[in-house]
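Each chain, written out:
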Amino acid sequence: MRAVVINEYGDANALKNTQLPRPVPSQGEVLVQVNAVGLNPVDYKIRDGHLVDVFPVQFPRVLGGDISGVVTELGKGATEFSVGDEVYFSNPLDRDGGYADYVSVEEKFLYRKPPSLSHTEAASLPVVALTAIQALRDFGGITNDSKVLIHGGSGGVGSFAVQYAKSLGATVYATASTSRLDYVKNLGADRVIDYKTEDFVEIAKAAGGMDIVLETVGGENYSRSIEATRDGGAVPSIVNPPDAATAAQAKARGIKTDFMLLRGEKEDLKLISELVESKTVQKPNIFKVLPLEEAKQAHELLQSGRAFGKIVLGVQ
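Keep in mind that this is a model prediction, so the values were computed, not measured.

**Q** An account of the overall build of the protein is requested, with residue identities and associated values reported.
**A** Counting its secondary structure elements, the protein contains 10 helices and 16 strands. Structurally, the protein occupies a C-alpha span of about 60 × 40 × 35 Å along its principal axes. Among the 316 residues that make up the protein, the fraction classed as buried is 52%. Taking contacts inside the protein between residues at least 6 apart in sequence as the whole, the part at least 24 apart equals 66%. Summed over its atoms, the accessible surface of the protein is roughly 13,200 Å², and 49% of this surface lies on carbon and sulfur atoms. Mean positive and mean negative side-chain charge positions of the protein (33 and 40 charges, respectively) differ by 2 Å.

The following block contains the structure:
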């Protein structure tokens, strides 16, 4: 089968087009023919070795956790799906992913693709939506009277987080660039903050402090997010763990903070499907679709920061 692999850590040139044997599903697994795979920053962070302490890689490795496709073969003990079922999922990062014609996956990670979404749209959704839900609900403890600040409200995780938080009745603040303020407002944010001209810390403090700040930027923004949070609040980070100074700053005020990674749980994929089918959240914003063989160019585009929306590799 066609596949794109990395044989070593490096820049986008480390991605190599190759041929690999088709996977054979093990006990409780199914084989999925990949139709589309969405790109996420975690892909290039694994590729360049940035996450080597979290996810050491055995080479060759097939990247790509955001997958939509069709079940083509059942392993022993696999009973929840049938050949021909259209599914979407987030494959664990310690397994080979979707930059290939086929991927083998445990049934427990799968859910049926939302009927209203194309494979391209579905492949752009699991990682960002699971991250947003689990950061706000499980880490942050969001309620209908929470005040929530979401950094990068026009990004993949941020745009879903804005809509999910609003669906729960929270008051949502979100940062965005000047050109994307209207987009984030239309997602449902109560107050959109132009991060180039406004100080989100001052705005948060004037509101009495945020209950939850979803940190998607890192660096100095992380410590300033602690400043924007009320005592006892929560700051889930999807970028990196807090450094010693930021951790101490949070601890002194009883603020819960840490680097969090999603769990590819079927029940949350079901929730995502329900949110999509009920039109509670908008369809994913697709920036560009490239063929599998152009994974290198897709990585370069993703890292450039020029993409407004998801980049997807069309495999079939």
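Back to the text.
**Q** Can you tell me about the sheet that holds strand β13 (residues 229-237), naming the residues and giving the values?
**A** Taken in spatial order, the six strands line up as β11-β10-β9-β12-β13-β14 in an open sheet, and their pairing is parallel. Bordering the open sheet on either side are β11 (191-194) and β14 (256-259), each of which pairs with just one other strand. This sheet shows a mean twist of 20° between the axes of neighbouring strands, independent of strand direction. For strand β10 (residues 171-176) and β11, the ladder comprises four bridges, and the chain directions are parallel.

**Q** An account of the pattern of salt bridges is requested, with residue identities and associated values reported.
**A** Going through the model one piece at a time under the given rule, you end up with 20 salt bridges. Residue Asp-66 pairs with Lys-310 through a salt bridge whose shortest N-O separation is 3.8 Å. Separated by 244 residues along the polypeptide, Asp-66 in strand β5 (residues 66-74) and Lys-310 in strand β16 (residues 310-314) bring together distant segments of the chain. A single burial state applies to Asp-66 and to Lys-310, both of which are buried. Overlapping salt bridges bring together Arg-137, Asp-138, Arg-263, Glu-265 and Asp-268 as one network.

**Q** Pulling in residues and values, what's your account of the pairing of strand β15 (residues 286-291)?
**A** Pairing of β15 with β16, which is carried by five bridges, proceeds in the parallel orientation. Note on β16: the bridge partner recorded for Lys-288 is Ile-311. Handedness of the crossover joining β15 and β16 through helix α10 (residues 295-304): right-handed.

**Q** Which residues make up the pairing of β5, and what values do they have?
**A** Two elements, strand β3 (residues 29-38) and β5, share eight bridges in a ladder whose sense is antiparallel. By the bridge assignment, Val-37 is partnered in β5 with Ile-67. In this sheet, strand β6 (residues 86-90) lies alongside β5 in antiparallel orientation, the contact comprising five bridges. Note on β6: the bridge partner recorded for Asp-66 is Ser-90.

The rules behind the values
- Residues numbered from 1 in each chain as written.
- Predicted model: local features only at pLDDT ≥ 70, side-chain atom pairs only at ≥ 80, totals over all residues.
- Heavy atoms only, no water.
- Helix = DSSP H or I, 4+ residues; strand = E, 2+ residues; numbered from the N terminus.
- Buried < 20%, exposed > 50% of the residue type's maximum accessible area, 1.4 Å probe, protein only.
- Contact = heavy atoms within 4.5 Å.
- Areas by Shrake-Rupley, 256 points an atom, 1.4 Å probe, with all protein chains shown as cover.
- Lys, Arg positive; Asp, Glu negative; His and termini not counted.
- Charge placed at Lys NZ, Arg CZ, Asp CG, Glu CD.
- Pairing = 2+ DSSP bridges.
- Axes fitted to C-alpha atoms, helices over the stretch in contact; angles between N-to-C directions.
- Salt bridge = Lys/Arg side-chain N within 4 Å of Asp/Glu carboxyl O.
- Right-handed = clockwise from strand over helix to strand, strands pointing away.

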